[in-house]
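Spelled out from the first residue to the last, the chains are:
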Amino acid sequence: MSVFTKITNALYEGDAEEIAVLVQKALDEGEDAQTIVNDGLVAGMNVVGADFKAGTLFIPEVISAAEAMKEGLMILKPAMAAANQESLDTILIGTVEGDVHDIGKNLVAIMFEGAGFTVHDIGVDNKPEDFVKAYEEYKPEFIGLSALLSTTMPAMQRTIEAFTEAGYRDKVKILVGGAPINADFAKKINADGYAGDAVSAVDLAKTM
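Residues numbered from 1 in each chain as written. Predicted model: local features only at pLDDT ≥ 70, side-chain atom pairs only at ≥ 80, totals over all residues. Heavy atoms only, no water.

Caption draft 1: View of the overall build of the chain. A tally of helices and strands in the chain yields nine helices and five strands. Overall, the chain shows an N-to-C arrangement of helices and strands of α-α-α-α-β-α-β-α-β-α-β-α-β-α. Computed over C-alpha atoms, the radius of gyration of the chain comes to 18 Å, within 12% of the 17 Å expected from 2.2 N^0.38 for 208 residues, which places it in the range of a compact globule. By residue count, 45% of the 208 residues in the chain fall in the buried class. A separation of at least 24 residues holds for 72% of the contacts in the chain among residues at least 6 apart in sequence. When the accessible surface of the chain is split by element, carbon and sulfur atoms take 51% of a total near 10,000 Å². (Helix = DSSP H or I, 4+ residues; strand = E, 2+ residues; numbered from the N terminus. Rg over C-alpha atoms; globule rule 2.2 N^0.38 Å. Buried < 20%, exposed > 50% of the residue type's maximum accessible area, 1.4 Å probe, protein only. Contact = heavy atoms within 4.5 Å. Areas by Shrake-Rupley, 256 points an atom, 1.4 Å probe, with all protein chains shown as cover.)

Laid out in structure tokens, this is it:
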């Protein structure tokens, strides 16, 4: 069994200690840091995501796997920086103004991190200008807007309009999601995409 397969298996089991040992072992054996990420960590998270979507894994298992992946990435970051190797695209994610619910948003952030994206989570109850300001700071390729309450859905549209007014709308892909959101609403407010769950959100971003 290759070290990459062992990393994938340990990630699936959410075994952070084993991940740390295996990732360091792979580095010591001369494996490329980005290859360890892609063939070990991301490969494992892809299996986790697929099984979560199929209903054979649940949120606690996904969180454990994501924490294990973070452990591996912490070890790999110095080697990746030295080789100037970057992650996939960057996503800025947050819950819109008036909404303080974050469980769904947090899960989406975890899945994006697990897939190799750089994630900037700005938390809950963000005004449109908060998203614009964060965009100016991080320059992400994607923005994820989350809402759980139907009463905060209009804040998504105001946020997208704020990006248009600031002249950034054509520079970033804006994805929306949350319990009351659907594809028709996403289209109505001029979002670039809608995802009904965390795994679908990652898949959508990858196709973009």
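Caption draft 2: Just the pattern of salt bridges, in detail. Overall, the coordinates contain seven salt bridges when judged by the stated rule. Here E29 makes a salt bridge to K25, at a shortest N to O gap of 2.6 Å. Close ionic contact of D121 with K105 constitutes a salt bridge, the shortest N to O distance being 2.7 Å. On the criterion of sequence distance, the pair formed by D121 in strand β2 (residues 118–121) and K105 in helix α5 (residues 103–114) is long-range, its members being 16 residues apart. (Salt bridge = Lys/Arg side-chain N within 4 Å of Asp/Glu carboxyl O.)

Caption draft 3: Quick peek at the packing of aromatic side chains. Tallying each qualifying case throughout the model produces four aromatic pairs. Judged by centre distance (5.8 Å) and plane angle (80 degrees), the ring pair of Y135 and F163 falls under edge-to-face. Pair noted here: Y135 is in helix α6 (residues 128–138) and F163 is in helix α7 (residues 153–166), with a separation of 28 residues, a long-range link. For Y135, a relative accessible area of 4% puts it in the buried group. Consider the rings of Y135 and Y168, whose centres lie 4.9 Å apart with planes at 45 degrees: the pair is tilted. Residue Y135 is found in helix α6, and its partner Y168 is found in the loop between α7 and β4 (173–177); the two are separated by 33 residues along the sequence. For Y168, a relative accessible area of 19% corresponds to the buried category. The structure contains a cluster of three or more aromatic residues connected by ring pairs, namely F112, F117 and F142. (Phe/Tyr/Trp six-rings, centres within 6.5 Å; stacked < 30°, edge-to-face > 60°.)

Caption draft 4: Representation of the sheet that holds strand β1 (residues 90–95). Pairing in this open sheet of five strands is parallel, and the strands run β2-β1-β3-β4-β5 from one edge to the other. Two strands close off the open sheet at either side, each with one partner strand: β2 and β5 (193–194). By the bridge criterion, four bridges tie β1 to β2 in an arrangement that is parallel. For T90, the partnering residue across the bridge sits in β2 and is T118. Where helix α9 (residues 198–207) meets the sheet, its contacts fall on β3 (142–146), β4 and β5, and the angle it forms with β4 comes to roughly 165 degrees. (Pairing = 2+ DSSP bridges. Axes fitted to C-alpha atoms, helices over the stretch in contact; angles between N-to-C directions.)

Caption draft 5: Representation of a negative patch on the surface. A surface patch of like charges, here negative, comprises E13, D15, E17, E18 and E71. Here E18 shows up in helix α2 (residues 16–28). Overall, E18 belongs to the partly exposed group, its relative accessible area being 35%. (Patch = residues over 30% accessible without salt bridge, like charges linked within 9 Å, V, L, I, M, F, W, Y side chains within 5 Å. Lys, Arg positive; Asp, Glu negative; His and termini not counted. Charge placed at Lys NZ, Arg CZ, Asp CG, Glu CD.)

Geometric descriptors of this kind do not, in isolation, establish any biological role.
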